[in-house]
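Structural features, examined
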Amino acid sequence: MIYPSLPPASYTETLWFDLERERLFREHWILVGMTQQLPSENCYITREVGGIPVLVQKIGGQLRAFKNACPHRLCPIQTGAFGNRKLLCPYHGWSFGQEGRLRGIPLGTGYNFSEEDKVCMDLQTYPLEAVGDFLFVNVSATPKPISWQFSDDMLLLLTELSRFLSREVSYTSWTGKYNWKLNYENIIEGEGQHVPFVHQTTLAPSFKSEGSPVPPSHLFRPDGPLGKIHLTEMPDWAHSPIPGLDDNGKPKKIDVREVSDIKRRRIAYTPRWHSERMESCDRGWYFACHIFPNVNVSITSGEWCFLEQFSPLAPDRTEYHSWAFSARLKEGVRPMPHLLWGFHHNEKRVVDEDVVVFEEVQKVLASRPDNAGYLGENERTLAAFGRYYLQCLKKGEDYA
Ligand code: FES
Ligand SMILES: [Fe+2]
């Protein structure tokens, strides 16, 4: 059985990129960061969502999302990727209050604005949802509830998972010369088929599942908080439902909640000196959560959590974001930033191995091949992603 891949133009052409921005990134809930990045008053992060500059800031103890553009003459209110600074425009010093309301205009009389004029001079706000520590923003003019996009299982999982994450986080971002979908497709491919080839010495050894059976952690025990959620345990993927196909194998309209999924597989586990210092959640398992459209969370042996996001900058440019956490440290254990950085550094080595491939594939896609390849049965999650993507962009089967 061959599943179709996406048309090559969707990875290389500005037309497709513009459609994606408008119909996908501006219409769905998009991850913008983690609460760990905003621990105190006036901490902020800035991101782009569908090409719109977004600012998330803690004000009055609440997290709020604004358009990062001053209503006066459109200067960004915050210019760093993250930091701690009041809601004050750096250009002419207009300041804003808790809900983005215009609070003060220095030398205000010269502008000669009436109270009525000032009504339209508040910061534009966007809906923000914190699912545990995961922060999502929706920039749509008519946002749908987050439960439209993510299943109850997914929302429960992110909430419960957040209880196991350290409050310390290591975060970084960089730019790659490839389309963001290559990165997401690489993550959701059924069995991690590329791992033994691309990550021969880095990731592949830890994917071996030898050793004695590991009992489920209390998180996944049948009576545990996540005991009843639907997850696919690899390599049993072959018995899992096929997203986007009816019982007769015919394509059907895809529900967006079907294109995010949760997978788990056994891996080798060797306790390390730091293991006993952490409240590990799932030893002996590798656990991955693919969050449509562009996020992956992976947890290795319940000790390390790696969150990554692939944000489009241009058809052939991706801004890669990554966050590294450990499991929560046991009572009285002091933070171990060197361990966190070491883990993040190792993950970066693995990601770099993937990036080499993505950049090469991007070059081939730019040569305008007839198609972008053939997908097998074990790549059906990838095919389902492609089909929802086309459905969402309102592109027909003929890819006109
Ligand atoms: S642009 Fe912000 S105060 Fe002028
Ligand atoms: Fe990889």
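Residues numbered from 1 in each chain as written. Chains lettered and ligands numbered in written order. Predicted model: local features only at pLDDT ≥ 70, side-chain atom pairs only at ≥ 80, totals over all residues.

**Regarding the pairing of strand 17 (residues 304-314)**
Moving residue by residue along a regular strand, the side chains alternate between the two faces of the sheet. For strand 17, the tally of buried residues reaches eight of 11 residues, placing the bulk of the element in the interior. Here six bridges tie strand 16 (residues 295-300) to strand 17, and the two strands are oriented antiparallel to one another. Its bridge partner being in strand 17, Thr 300 is matched across the sheet by Trp 304. Counting the residues between successive antiparallel strands, the hairpin from strand 16 to strand 17 contains three residues, one of them, Ser 301, with a positive phi of roughly 50°. (Buried ≥ 20, exposed ≤ 12 C-beta atoms within 10 Å, placed from the backbone. Helix = DSSP H or I, 4+ residues; strand = E, 2+ residues; numbered from the N terminus. Pairing = 2+ DSSP bridges.)

**Some details on the packing of helix 5 (residues 180-188) against helix 7 (residues 337-366)**
Where helix 5 meets helix 7, the axes come as close as 10 Å, and the angle between the chain directions of the two elements is 130°. Taken together, helix 5 and helix 7 sit at an angle that is classed as oblique. Helix-helix and strand crossings are classified by hand; for helix 5 and helix 7 the assignment is right-handed. Counting all contacts with helix 5, which are made through Leu 182, Asn 183 and Asn 186, the residues of helix 7 involved are Asp 354, Phe 358, Val 361 and Gln 362. Of the residues in the contact of helix 5 with helix 7, the class split is three nonpolar, three polar and one charged. (Axes fitted to C-alpha atoms, helices over the stretch in contact; angles between N-to-C directions. Parallel < 35°, antiparallel > 145°, perpendicular 65-115°, else oblique. Left-handed = near helix turned anticlockwise from the far one by under 90°. Contact = placed C-beta atoms within 7 Å. Nonpolar A, V, L, I, M, F, W, Y, C, P; charged D, E, K, R; others polar.)

**Some words on unusual backbone geometry**
That bond from Phe 292 to Pro 293 is cis: its omega, 5°, falls within 30 degrees of zero. Residue position: Pro 293 is located in the loop between strand 15 (285-291) and strand 16. Unusually for a residue other than glycine, Ser 301 sits at a positive phi of about 50°. Classification of Ser 301 by C-beta neighbours within 10 Å gives buried; the count is 24. Non-glycine residue Arg 368 carries a positive phi angle of around 55°. Topologically, Arg 368 is positioned in the loop between helix 7 and strand 19 (374-375). Classification of Arg 368 by C-beta neighbours within 10 Å gives exposed; the count is 10.

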